[in-house]
Amino acid sequence: MNLRTLDEVDLAGKRVLLRADLNVPMSDGVIQDDTRIQAVIPTIKAILDGGASLIIMTHFGRPKGQIVESLKTDPLADALSEVLNLSINKVDGCNEDFVKEMAQNLNPGEIMMLENTRFYPEEKKNDDAFSKDLAELADLYVNDAFGAAHRAHASTHGVAQHLPAYAGLLIEKEVNALSSVLESPKEPVCLIVGGAKIDTKIGVLERFLDIADYFLIGGALANTFLAAEGFDVGESLYQEDKITVAQNFLLSAESKRELVYLPLDVVVADEISSDAAALDVKPEGVELGMKILDLGALTIETFKKSIAEAGTIIWNGPMGLYEFPPFEAGTKEIVEAIAQSDANSIVGGGDSIDALKKYGYSEKDFGHISTGGGAMLEFLEGKELPALTMLQA
């Protein structure tokens, strides 16, 4: 994918409208994970170093087109200001006349941050009038919100129809890393998928039938596949209406001689708690009332062996309910195995990133950590991401 990038434009004296993805987890007003804030810093510095003034916009949470006090962008502006050691003028609007006036008066090196774009129902509707209003704030547009690249919203897609549009450094990095996996991966290729739903993963699984050498499937996703294989999954979370989808994938994989590893044993319990009594059983040993909540010990060792042999690893989704100690071994040991591997590793998805941080790992321990779970999956699936189409040269 050939993108228009920042090194192609003279930024001196320009007002730049930057779409960032600062949708960070927050509890009681405290940011719990600043990965996405740190990720956009290089682009912000590049824009300021180029002699431009900067207007930052982002979405935050799901306010559904309403003003929600707890979802205002003030704490995001404060966090960015602290990291950059620069003053940021947070404004309580996006397209109002007073916002446009403030933007017009920005001097090179100055930064202002807009209010949550999703306070405006026009944002998700990709309303053209709203897009034009946003475009009036600046001379050019930079998109660095890879996590929202699969959304055709006003701030990610519409505004790029009214301003010269360029990719930020993060989007450039994401596209290069993910493209390499599709175009020239180091073999063998290992795709690891977990999480809950087959809907968001089946497209990637099917696309990788011609790319991956083996698939490791865990999490509640694996429960649907176990059910497709005829096992009773008890009271486990699974998608009964997707069993045929799982069966069709397994048949396709078999016909292509791909290796699909499902759990050989599972950790079950009859309750979800931090002190639940957990039991490691074979899939055929799961009985009514039991919930499958993690990979069993044999499965973990089998998965780790495949990881150790891989040249390229793509991982999205936890292997179990890792938030609870009795059910964290699968995710924890898979994280450790990937971190210790010499393979080119790509990790994506909010829960996956949360897990690797929980167990003391960081970006330096992996080839690439994607800031966009859904966008990463759709990119790898081969879907057209609306925001990226607007940045193509």
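Note: the structure precedes this text.
Residues numbered from 1 in each chain as written. Predicted model: local features only at pLDDT ≥ 70, side-chain atom pairs only at ≥ 80, totals over all residues. Heavy atoms only, no water.

Some thoughts on helix α3 (residues 97–104)
Part 1 of the argument: Looking only at α3, the buried set comprises Val-99, Lys-100 and Ala-103. For α3, the arc enclosing every buried residue in end-on projection is 100°, short of the 170-degree limit, so these residues lie on one face. Exposed residues pointing more than 90 degrees away from the buried face of α3 are listed as Asp-97 and Glu-101.
Part 2 of the argument: Tucked into the core, α3 has its buried residues touching β1 (15–19), β4 (53–57), β6 (111–113) and α5 (128–135). (Buried < 20%, exposed > 50% of the residue type's maximum accessible area, 1.4 Å probe, protein only. Helix = DSSP H or I, 4+ residues; strand = E, 2+ residues; numbered from the N terminus. Arc of directions from axis to C-beta. Contact = heavy atoms within 4.5 Å.)

As for the nonpolar core
Part 1 of the argument: In terms of nonpolar packing, the biggest core is built from 106 residues, with Leu-17, Ile-56, Leu-80, Leu-114, Phe-208 and Phe-225 touching the most fellow members.
Part 2 of the argument: Those residues in contact with Phe-225, other than ones at most four positions away along the chain, are Ile-198, Leu-205, Ile-217, Ala-246, Phe-249, Leu-250 and Leu-262.
Part 3 of the argument: Among the nonpolar cores identified, the runner-up in size contains 27 residues, and Leu-295, Phe-303, Met-319 and Phe-366 belong to it. (Core = buried A, V, L, I, M, F, W, Y, C linked by side-chain atoms within 4.5 Å.)

Points about the pattern of salt bridges
Part 1 of the argument: Inspection of the entire model under this criterion finds 19 salt bridges.
Part 2 of the argument: One salt bridge in this structure joins Asp-92 and Lys-90, with 2.7 Å as the shortest N-O distance.
Part 3 of the argument: The exposure class assigned to Asp-92 is exposed, which follows from its relative accessible area of 52%.
Part 4 of the argument: Among the residues examined, Lys-90 registers a relative accessible area of 16% and is labelled buried.
Part 5 of the argument: Of the charged contacts, one joins Asp-199 and Lys-242 as a salt bridge, the two residues approaching to 3.4 Å between their closest N and O atoms. Taken as a pair, Asp-199 in the loop between β9 (189–193) and α7 (202–207) and Lys-242 in the loop between α8 (219–228) and α9 (243–255) lie far apart in primary sequence, 43 residues in all.
Part 6 of the argument: A relative accessible area of 21% places Lys-242 in the partly exposed class.
Part 7 of the argument: Each of Asp-74, Lys-90, Asp-92 and Glu-115 takes part in a single network of salt bridges with overlapping partners. (Salt bridge = Lys/Arg side-chain N within 4 Å of Asp/Glu carboxyl O.)

Considering the sheet that holds strand β11 (residues 259–261)
Part 1 of the argument: The parallel open sheet is built from six strands, whose spatial order is β11-β10-β9-β15-β16-β17. Strand pairing shows two members of the sheet lacking a second neighbour, β11 and β17 (368–369), which therefore form its edges.
Part 2 of the argument: Summarising the sheet, strand β15 (residues 312–316) and strand β16 (residues 344–348) pair through five bridges and their orientation is parallel. Each residue of the ladder has a partner; that of Ile-314, found in β16, is Ile-346. (Pairing = 2+ DSSP bridges.)

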